[in-house]
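The chain contents come next:
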Amino acid sequence: MRMRSVLATVTAGLAAATCVTAAAPADAHSGKAPGVHACSPAVSITSYSDALDKTTYDGTFVGNLSALAVDRGGRIAALSDRSSLFTLDRETLKPTGVVNLVDEKGAALDSEGLAVDGDGTRLVTSETEPSVRRYERDGTLVGSLPVPDALKVAPAGRATSNLTFEGLTLLPGGHTLLAAMEGSLSGDTAGIVRFQTWDRATRQGDFRLSAQYGYRTDTGLGVSEAQATPDGRLLVLERGFTAGVGNTVRLYLADLRHATDTRRVDTLTGQEGVRLARKTLLADLVNCPSLGARAKQPQPNPLLDNIEGLTITGRTPDGRLRLLLVSDDNQNAVQTTRLYSLSARLPHTVNG
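Residues numbered from 1 in each chain as written. Predicted model: local features only at pLDDT ≥ 70, side-chain atom pairs only at ≥ 80, totals over all residues. Heavy atoms only, no water.

### Concerning the sheet that holds strand 12 (residues 141–144)
The strand order across the open sheet built from four strands is 9-10-11-12, with neighbouring strands paired in antiparallel fashion. In this open sheet, the two edge strands, each paired with only one partner strand, are strand 9 (111–116) and strand 12. In this sheet, adjacent strand axes meet at a mean angle of 25 degrees when their direction is disregarded. With four bridges joining them, strand 9 and strand 10 (residues 122–126) adopt antiparallel strand pairing. Each residue of the ladder has a partner; that of Val 116, found in strand 10, is Arg 122. (Pairing = 2+ DSSP bridges. Helix = DSSP H or I, 4+ residues; strand = E, 2+ residues; numbered from the N terminus. Axes fitted to C-alpha atoms, helices over the stretch in contact; angles between N-to-C directions.)

Laid out in structure tokens, this is it:
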């Protein structure tokens, strides 16, 4: 989303990614060979690239990127919040195609979340209503999913404009789709956001509204992305911005297994008996080495920018997840479209 102050299915996508992994972006400033640099005991950064910053492809501005997903053949789908959906080469991460997306009336979207379904169609959120729509590879709109009334932007519901469906992911097996709200609903305690899911009875059947969960963000941060891991947990990006200081970006691992289904809970206030998703901090990206990156505005670490997109592209030889992140430059001269290559070792699940 525009910052203010304050896959195949996952299983199919990851199966492809185990044999086809996106190349690590080169360091755009130093040109140094990629290495591995710790951000935390669990997360390391390999490299970053500013090569796409303020560029165009086929007459379309390459920027405003808010989501990433692994496409068929290991290619990367990159979604702009200005209704453009790019295809990036899996090795060079340069655009090789672009389609424009519109709603049922031909209007542009505020497109924020992206998942690639098993049949190759694209599931795309828009923050405007909010909505989740399905598109063919050529950008043809083929349908939309139901959205609970409470999650709609006021006055239709209790959501705040530009704080709705920011993340979208298919859980392993492809039977469950999850959308992450960026901000809290009116009536819910500030910082508690809702994750909405849809289930389907058949492999490529229509999605139906299903369970909903609560997730508590850190103070002053919102959810900018959620991505399912191979074991069914979620990588969650929390992000914030303070003028004159810069961005805060933290990567969490969330577990919904013991969380309460909140679809019939009118207000979430941290009340007894309502279990929110458990979360574990994997890394605060301010602690990553800067790798020679430069920032165009004040940042606590010049590597940081408005990071909004995250996808899992495969595994390292030692079993860590390969992550590709992207920042949304908002088509702003003091922000950067930057791709980040990271790896993460997840803590083991705890039963019971």
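From this point, the discussion proceeds with the structure in view.
### A short note on the state of the cysteines
Counted by the stated rule, this structure contains one disulfide. A sulfur-sulfur separation of 2.0 Å characterises the disulfide bridge that pairs Cys 39 with Cys 288. Taking the sign of the torsion about the S-S bond as the criterion, the disulfide between Cys 39 and Cys 288, at about 110 degrees, is right-handed. Note that Cys 39 is positioned in the loop between strand 1 (37–38) and strand 2 (43–49) and Cys 288 in the loop between strand 20 (278–284) and strand 21 (307–315), a separation of 249 residues in sequence. For Cys 288, a relative accessible area of 5% gives the class buried. (Disulfide = S-S within 2.5 Å. Buried < 20%, exposed > 50% of the residue type's maximum accessible area, 1.4 Å probe, protein only.)

### Brief notes about unusual backbone geometry
Geometrically, the link from Glu 129 to Pro 130 is a cis peptide bond, its omega value of 0 degrees lying close to zero. Examined against the element boundaries, Pro 130 turns out to sit in the loop between strand 10 and strand 11 (131–135). The peptide bond linking Ala 154 to Pro 155 adopts the cis configuration, its omega dihedral lying at 10 degrees. In this structure, Pro 155 sits in the loop between strand 12 and strand 13 (165–170). Phi is positive for Asp 58, close to 50 degrees, though the residue is something other than glycine. Mapped onto the elements of the fold, Asp 58 is located in the loop between strand 3 (55–57) and strand 4 (60–62). A positive phi angle is found at Asn 162, which is not glycine, with a value near 70 degrees. Mapped onto the fold, Asn 162 is located in the loop between strand 12 and strand 13.

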